[in-house]
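# Observations on the three-dimensional arrangement
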Amino acid sequence: MLLEARGLEVHYGGIRAVKGIDLAVDEGELVCLIGANGAGKTSTLKAICRLIPSRAGMLRYRGEDIATSPVHALPRKGLVMVPEGRGIFRQLTVEENLAIGAYALGGGDPEPQYASFPRLRERRKQVAGTLSGGEQQMLAIARALMTRPKLLLLDEPSMGLAPLMVAKIFEIVREIARQGVTILLVEQNARLALELARRGYVMESGAITLTGTAGDLLHDSKVREAYLGEGVA
Amino acid sequence: MDTFLQQLVNGLTAGSVYAVVALGYTMVYGIIQLINFAHGEVVMIGAMVAFTVINALAPGGLPPLVVVLVGTACAIPVCMLVGYSMERLAYRPLRGAPRLAPLITAIGVSILLQHLAMLVWSRNVLAFPQIIQNTTYTLAGASITSVQIAIIAVCIALMGGLALLVYRTQLGTAMRATAQNPHVAGLMGVDVNRVIAATFVIGAALGAVAGVLYGTYYGVAQYTMGSILGLKAFSAAVLGGIGNIPGAMLGGVLLGLVEALGAGYIGDLSDLCAYGWIADLMGEQCDGGHFILFGSNYQDVFAFLVLIVVLVFRPSGLLGERVGDRA
Ligand SMILES: Nc1ncnc2c1ncn2[C@@H]1O[C@H](COP(=O)(O)OP(=O)(O)OP(=O)(O)O)[C@@H](O)[C@H]1O
Ligand SMILES: [Mg+2]
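The written sequence of each chain sets the order in which its residues are numbered from 1. Note on labels: chains are lettered from A, ligands numbered from 1, in written order. Only residues with pLDDT of at least 70 get local features here, since the model is predicted, and only at 80 or more are side-chain atom pairs given and counted; chain-wide, interface and lining totals rely on the full set of residues. Just so you know, side-chain values use all the structure's heavy atoms and leave hydrogens and water out.

## Comments concerning the confidence of the model for chain A
Mean pLDDT over chain A: 94, with 99% of residues reaching 70 or higher. Scored between 0 and 100, pLDDT is the confidence that the predictor attaches to each residue. We count a stretch as a helix when DSSP gives it H or I for four or more residues in a row; a strand needs E for two or more, and each element gets its number in order from the N terminus. Looking across chain A, the model is least confident in helix 10 (residues 221-226) of chain A, with a mean pLDDT of 86, and most confident in strand 7 (residues 151-155) of chain A, with 98.

## Remarks on empty space enclosed by the protein
Residues and elements named next belong to chain B. The distinction between a cavity and a pocket rests on a 1 Å grid over the protein atoms alone: a 1.4 Å probe fits inside a cavity but cannot get out, while a pocket stays open yet meets protein on both sides within 12 Å along at least five of seven lines, and a residue with an atom within 4 Å of a point counts as lining. Grid points are joined across faces, edges and corners, and a volume is the space filled by probe spheres set on the points. In this structure the tally under the stated criterion is 1 cavity of 30 Å³ or more. Quantified by volume, the largest cavity comes out at close to 50 Å³. Lining the largest cavity we find Gly 24, Val 28, Asn 36, His 39, Val 42, Gly 83, Met 86, Thr 199, Phe 200, Gly 203 and Ala 204. Secondary structure elements with two or more residues in the lining of the largest cavity: helix 1 (2-32), helix 2 (39-57), helix 3 (64-91) and helix 8 (192-218). Per-element tally for the lining of the largest cavity: the top contributor is helix 8, with 4 residues.

## A look at the sheet that holds strand 6 (residues 79-82) of chain A
Residue and element names in this part refer to chain A. As summarised here, the arrangement of the 6 strands in space is 6-7-8-3-9-10, forming an open sheet in which the pairing is mixed. Unpaired on one side and paired on the other, strand 6 and strand 10 (207-213) mark the two borders of the sheet. Going from strand to strand, the sheet's axes swing by 15° on average, the running direction of each strand aside. For two strands to be treated as a pair, DSSP must find at least two bridges joining them. Pairing of strand 6 with strand 7, which is carried by 4 bridges, proceeds in the parallel orientation. Residue pairing across strands places Leu 79 opposite Leu 151, the latter belonging to strand 7. The contact criterion used is simple: two residues touch if any of their non-hydrogen atoms lie within 4.5 Å. Axis lines are fitted through C-alpha atoms, for helices just across the contact stretch, and the angle between N-to-C directions can take any value from 0 to 180 degrees. Each of strand 6 and strand 7 touches helix 6 (residues 133-145); the most contacted strand, strand 6, lies at about 170° to it.

## Concerning the packing of aromatic side chains
Aromatic ring pairs are defined here through the distance separating the ring centres and the angle between the ring planes. Residues and elements named next belong to chain B. When the centres of two rings from Phe, Tyr and Trp lie within 6.5 Å, Trp using its six-membered ring, the rings pair. Their planes under 30 degrees apart give stacked, over 60 give edge-to-face, and anything left gives tilted. Under the defined criterion, the tally for this structure stands at 6 aromatic pairs over all chains. Look at Tyr 214 and Tyr 218: their rings are 4.7 Å apart centre to centre, the planes differ by 55°, and that puts the pair in the tilted class. Of the two residues, Tyr 214 and Tyr 218 are both situated in helix 8; the distance of 4 residues between them amounts to about one turn of the helix. Site record: aromatic cluster; members linked through ring pairs are Tyr 25, Phe 37 and Phe 234.

## Some remarks on the state of the cysteines
Residue and element names in this part refer to chain A. Any cysteine sulfur atom paired with another within 2.5 Å is treated as part of a disulfide. Under the criterion given, the structure shown has 0 disulfides over all chains. Here Cys 32 stays free of any disulfide, with the sulfur of Cys 49 as its closest cysteine sulfur at 18 Å. Relative accessibility under 20% of the residue-type maximum defines a buried residue, over 50% an exposed one, and the middle range a partly exposed one, all with a 1.4 Å probe and only protein chains included. Looking at Cys 32, the relative accessible area reads 0%, which means it is buried. Residue class for Cys 49 comes out buried when judged on its relative accessible area of 3%.

## Overview of the site of ligand 1
All names here are of chain A. We call a residue near a molecule or strand as soon as one heavy atom of that residue lies within 4 Å of the molecule or strand. Close to ligand 1 lie 13 residues, the nearest being Lys 41, Thr 42, Ser 43, Glu 84 and Gln 188. The separation between an oxygen atom of ligand 1 and a polar main-chain atom of Gly 38 is 2.8 Å. Where accessible areas are quoted, they stem from the Shrake-Rupley method and a 1.4 Å probe; at the residue level, only the protein chains shown are allowed to cover. For ligand 1, whose accessible area on its own is 630 Å², the fraction buried by protein is 61%. Counting residues per element, the shell around ligand 1 draws most heavily on helix 1 (residues 41-48), which supplies 3 residues. Under this definition, polar contacts are N or O atom pairs within 3.5 Å; protein pairs additionally need one hydrogen-donor-capable and one acceptor-capable atom, and for neighbouring residues in sequence, both atoms have to be side-chain atoms.

## Regarding the domain arrangement of chain A
Residues and elements named next belong to chain A. Domain boundaries shown here were taken from an automatic or database domain assignment. Along its sequence, chain A is organised into domain 1 (1-78 + 149-233) and domain 2 (87-148). Its C-alpha centre places domain 1 at a distance of 23 Å from the equivalent point of domain 2. At the junction of the two partners, domain 1 supplies 15 residues and domain 2 supplies 11 residues. Taken together, both faces of the contact between domain 1 and domain 2 bury some 1100 Å²; the carbon and sulfur share is 77%. On the domain 1 side of the interface with domain 2, the three residues burying the most area are Arg 76, Pro 149 and Ile 172, jointly 36% of the side's total. A carboxyl oxygen of Asp or Glu within 4 Å of a side-chain nitrogen of Lys or Arg is what we treat as a salt bridge. Where domain 1 packs against domain 2, one counts 0 salt bridges. Put simply, domain 1 and domain 2 have 1 residue pair in polar contact (both at pLDDT 80 or more) between them. What gets called buried area is simply the loss in accessible area from a 1.4 Å probe that two parts show on being joined, summed for both.

## A few points about the pairing of strand 2 (residues 136-139) of chain B
All names here are of chain B. Where strand 2 meets strand 3 (residues 142-145), 4 bridges bridge the pair, whose relative direction is antiparallel. Across the sheet, Thr 136 pairs through a bridge with Thr 145, a residue of strand 3. In this antiparallel pair of consecutive strands, strand 2 and strand 3, the connection spans 2 residues, and Ala 140 shows a positive phi of 50°.

Here's what the structure looks like:
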């Protein structure tokens, strides 16, 4: 088990945004977490990378309890997140954004990233805020890859992108998974996510209501109705 | 004409010191949006430590330059420690608190350091031992001293070094990333607390040198010297656009120049007897004399006046741009 959460809870003041969920990701898997707006997906990912504290529950990464790790210690252990809304450093150049990704390792060669994302190489001296939305997402992913992750958490990488770019980003995610990186993918676009992933979790108002193989979920009548926009046949 | 050149030289000297102090304000503001009012006191402590060391070594017969260098070398680590401690003990526990809390704390730290300095160095104005042979060079009607040249050169070197650090090193990149978005910087493995502490320590080191330069230049040091110097340097940072590093450099130099030119001309400009019709009105009071409304002691007012005027037209300072998104 690469990542294991048990009874994970996140509270914001009096609001229980995540209500004691169980979630596990095995080495080499591509797992998706789908759910409506406000279901608690982002809160779950943030709690896993310690960006926000969890109120209760157990959190293990490679067998190690990470519930009290500081945020910045996790990339060094191979756990990194591409945050919702990309979170690129808009006033830094593409090159500098990538350098921050390598910061935890004390530096690193951006060449492999430029090879996968030729667009970024062309724009490496450009300030990241001037990139297009799709390019920014590529940069956010490339920056996370600079940490040489074992487990990559992706929070809605397709957000705000045109269909063609969405397809491209999903292709990139598939390629990263093929290279052996374990991925936990949060997506609004449930169909694409389930077609890509091996397993999935469905989250509703802070709780996991359904889990199974991607194939099963794709054929589940409740999922089809609620997330794939289909009437029940 | 020579007044102009002379005040240019004087202004450049004072301005380059302001610029180095302003960097300490702007770097801290840039990274945690805190106006560290206690930074002026760090500069004062730098001057005081150097004073003590120089005073102790002066009679020893060492070359004067060595004495001043040793004084500076002692002031720097002391100030770095002060800078680190204030961040660690006073500001870090308030991270995430409403902005007013650290601001008030900064004022408190400033008062605390001032009074500690008073206990250690007394209330008296301390005369910096004038051990350096001050050669004066004449240049197109203006004179420039070797100390002035040294001050300007040191400040340029410090600013250049800082620019290299901030724009060319990994730590500098991490500082700028943290300034833009500390959460994401942390997610990428940057230890944000360490980067913030480093920012304080670097600012304090610059402040230490500035304190020594200031003390050497004006020949005096006192436990209160940090307030007005700090206020001016802070104004310089705001003038250039607070949070903006080149802005602090520009603002500091500009403030020094404006202040010096203002001081140089305000007497002549406000001499009522120089204006024919007023002189007529004033009659015998002006017979062969002057009636100067504002003397050069108004130079501080002049500097702040310019600050206000600039802020009216460019609220974010000369080089500052409103950073819209901190996503
Ligand atoms: N900082 C916060 N303070 C208070 N409440 C919050 C905060 N962040 C999230 N919430 C609340 O927690 C709940 C879960 O939010 P979260 O962002 O985890 O949802 P999500 O599943 O990622 O939604 P989306 O698909 O829209 O991104 C929401 O009701 C939200 O309003
Ligand atoms: Mg979300």
